[in-house]
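Analysis of the macromolecular model
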Amino acid sequence: MGSTGDSSDEFDIIIVGAGTSGCVLVNRLSEDPNVSILLVEAGEDQSADENVYTPGLCTALLGNDQYDWRYTSEIEPGINGRQILHPRGKIIGGTSSINSFALIYPSAAGMDAWAELGNKGWDWKSIQPYFKKFQTIYPPTPEVKKDLHVAHNDETIAASHGPLKAAFPPTVRPLQKAWVDTFRTLGLENRSDPLEGHALGGHTSTCHISGDKYERSHAGVAFFNPVRERKNVHLVTGALVRKVELEKQQDGVLTATGVLYSKNGAEFQVKAKKEVILASGVFNTPQLLELSGIGNPELLQKHGIEVKHANVNVGENLQDHIKAAISFEEIDGYEPGASVSSSEMRASYEKDRTGPWTWTAHSFAYMPLPPFLDAAGKEELSKVVEQHPPSSGSSFAKAQHDFICKTTLSPDQGTSTAFQSRRPVVPVKEGNYITLSCMLSYPLSTGSSHIQSSDPTTKPTIHFNYYNHPLDLEFHARHVQSLAKLAQTQPLASFLKPGGKTLPANLDPTNIDDAKEICKGFSTTNYHPCGTAAMLPEAMGGVVDERLRVYGIGNLRVVDASVVPIEPRGNIITTVYAVAEKAADLIKKDLGLKTSG
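Given the structure is predicted, the values throughout are model-derived calculations rather than measurements. (Residues numbered from 1 in each chain as written. Predicted model: local features only at pLDDT ≥ 70, side-chain atom pairs only at ≥ 80, totals over all residues. Heavy atoms only, no water.)

**Overview of the overall build of the chain**
For clarity, the threshold we go by: A helix here means a DSSP run of H or I that spans at least four residues, while a strand means a run of E at least two residues long, and both kinds are numbered starting from the N terminus. With C-alpha atoms as the basis for the radius of gyration, the globule rule is written as 2.2 Å multiplied by the number of residues raised to the power 0.38. In what follows, residue pairs with any heavy atoms lying within 4.5 Å of each other are defined as contacts. Note on areas: Shrake-Rupley with a 1.4 Å probe; residue coverage comes only from the protein chains shown.
Scanning the chain from N- to C-terminus turns up 16 helices and 24 strands. Relative to the globule expectation of 25 Å for 597 residues, the C-alpha radius of gyration of the chain, 23 Å, shows essentially globular dimensions. Dimensions of the chain along its principal axes, counting C-alpha atoms only, are 75 × 60 × 45 Å. Contacts spanning at least 24 positions in sequence make up 76% of the contacts within the chain whose residues lie at least 6 apart. For the chain, the exposed surface amounts to about 22400 Å²; the carbon and sulfur share of it is 48%.

Written out as structure tokens, the structure reads:
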């Protein structure tokens, strides 16, 4: 692996950000030995840190400057004036190095909606193969497959052949089994492989944890480490990119020619002969575009930045998955793991990779709303949708509205992702609780992320506008009511204390008004921001085209969660991996790069 730091350095491709997508890109693009690649990362390589590789220690990563950018939203009126912390990985591997592991997938309908917005080649059929390409799935044990009703089929598992390692839980825990059995009771057992795009109901997910060592498998160790010694791969860490260098060519086209970055108090200018690719994430990518003179002219001029290309869409269309939860007091005597000390858990993990530190959450559900409603409830939901027709806004907003409303009214589409955990929704001094959460899959509310200074070290101003669209609160509150019904269904109900306490206290989740108060007062992020450099026609609010090229600028692309135009169902990391894999193929074709055999 080469090094850099010389101001005269020149490379074919510069990738800004060694996060999830950046690591995928450097792996795939460097297959051509004749193309030189510089990967620039603000963080460091911490793959050998036990907090990073040990699943049971992942909570030590969030809010820690050593690993996390630690973004914070502005005051959010829709959630009672609270501010929301938004961790993003500042480390090789990016957020895949600090997240909570679950691999949950988008729906075929959701991806097809992307394509219908003018993004040819991004329909489900076109992108589905990339969900298998990025990972290798370890088969579950016969016991896990049987007791947890694993829906991944043998063909999908055999067809997965990528660098990332994904595993099922090593053993069956009573609550995990009760979870999938409860959905079976409701007639919502998931029988469809989640990688086929039509999964519905209770589900046991894989996590990006290796099935042999039970260590975190993230983009850094899976994609970057295997290629870091290639002679055409160059890495610089601890480097903050200040802007993309743009020059007008003889043909009049404004073109990205390199980047300016700072490291240890010095500035370095590096050239890109072919392309600059921004893989900096949903907050850093629009910030870099704006610092480089690409964005809303009024905002850029306010901060003394020369306008190179006017595009008011940069930093807009910010979306996020917001989750609401109810905690139920559990029966006496059910406290798995409570008697195991931290020292015992460490000893088990370090000795032979066993014990509680090997696993994390696996119990999820693709939750439709209509099956939880009676006839009156379904009629009321239809009336609510009718009362909130699409506004007179953009054609994108109308298309998004139509897709989300149609999907929410369908009994065959999961419009929230539900899961269970042991952490109470609010802090308590005593008692043990089982918490049921539901994440609103398709928000209609959108926000923004914009620079508040020309200084690249100043974090952007982030507004999510949670529940700004009234239908989000209406839909989410009804999903909260579904959680209450879930808790009353066997066998999950047998784990909850009859007449026990619920949290938040003094709010009845079966009452729609109280359910709305639970959402407004206690909902928080599920850490899936996207959309700030959306893949859309520019007239519809886009920043990049269907080949991820930035409008108005030659040799500049974006490949990260910011290009996602409509929030996908499920945890966004699987979609980011698939987008990066597809992007690598597009870039190879456009640049005429070779692919190794």
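**A closer look at the pairing of strand β16 (residues 322-329)**
What counts is decided by this rule: Accessible area is worked out with a 1.4 Å probe on protein chains only. A residue is then buried under 20% of its type maximum, exposed over 50%, and partly exposed in between. In this description, strands pair whenever DSSP reports at least two bridges between them.
β16 sits mainly inside the fold: seven of its eight residues count as buried. Across two bridges, the pairing between β16 and strand β23 (residues 524-525) is antiparallel. Paired with Ile-322 across the strands is Thr-525, a residue of β23. The pairing of β16 with strand β19 (residues 433-440) spans seven bridges and is classified as antiparallel. Looking at β19, one finds that Ala-324 is bridged to Cys-438. Strand direction decides the pairing type here: β16 and strand β22 (residues 502-503), joined by two bridges, are antiparallel.

**Here's the deal with the environment of Asp-545**
This is how the line gets drawn: Contacts described as polar in this section are N or O atom pairs within 3.5 Å, which, within protein, must combine one atom able to donate a hydrogen with one able to accept it, while residues neighboring in sequence count only if both atoms come from side chains.
Within the element layout of this structure, Asp-545 appears in the loop between β23 and β24 (556-558). Between the C-alpha atoms of Asp-545 and Val-558, which are 13 residues apart in sequence, the distance is 9.7 Å. At a separation of 2.8 Å, a polar atom in the side chain of Asp-545 contacts the side chain of Arg-549.

**A closer look at the pattern of salt bridges**
Going by this rule: Salt bridge, as used here: a side-chain nitrogen of Lys or Arg that lies within 4 Å of a carboxyl oxygen of Asp or Glu.
In total, this model carries 30 salt bridges according to the counting rule given. The shortest N-O distance in the salt bridge between Glu-31 and Arg-28 comes to 3.9 Å. The same class applies to Glu-31 as to Arg-28, namely buried. In this structure, Glu-215 engages Arg-353 in a salt bridge whose closest nitrogen and oxygen atoms are separated by 2.6 Å. With Glu-215 in the loop between β9 (206-207) and α8 (219-224) and Arg-353 in the loop between α11 (342-352) and β17 (363-367), this pair connects stretches of sequence that are 138 residues apart. One network of salt bridges, in which partners are shared, links Arg-28, Glu-31, Glu-581 and Lys-588.

**Examining empty space enclosed by the protein**
Using the following cut-off: Cavities and pockets were defined on a 1 Å grid built from protein atoms only: a cavity is a group of points that admits a 1.4 Å probe but offers it no way out, a pocket is an open group of points flanked by protein on both sides within 12 Å along at least five of seven lines, and a lining residue is one with an atom within 4 Å of any such point. Grid points are joined across faces, edges and corners, and a volume is the space filled by probe spheres set on the points. Residues are grouped as follows: Ala, Val, Leu, Ile, Met, Phe, Trp, Tyr, Cys and Pro are nonpolar; Asp, Glu, Lys and Arg are charged; every other residue, Gly included, is polar.
Considering all chains together, one arrives at three cavities of 30 Å³ or more under this definition. Here the largest cavity is characterised by a volume of approximately 70 Å³. Considering only enclosed or pocket space, the second largest cavity measures out at about 40 Å³ in volume. Looking at the second largest cavity, the residues that line it are Pro-106, Ser-107, Gly-110, Met-111, Trp-114, Phe-403, Tyr-442, Ile-566, Glu-567, Pro-568 and Arg-569. When grouped by side-chain class, the residues that make up the lining of the second largest cavity number seven nonpolar, two polar and two charged.

**Observations concerning the pairing of strand β18 (residues 416-421)**
Of all six residues in β18, five are buried, a share of seventy percent or more. Bridge count between β17 and β18: four bridges; the pairing is antiparallel. Paired with Met-367 across the bridge in β18 is Ser-416. Bridging between β18 and β19 involves six bridges; their strand directions are antiparallel. Counted as the bridge partner of Ser-421 is Thr-435 from β19.

**Regarding the layout of surface pockets**
Here the second largest pocket defines a volume of roughly 400 Å³. Taken together, the residues of the lining of the second largest pocket break down into nine nonpolar, eleven polar and two charged.

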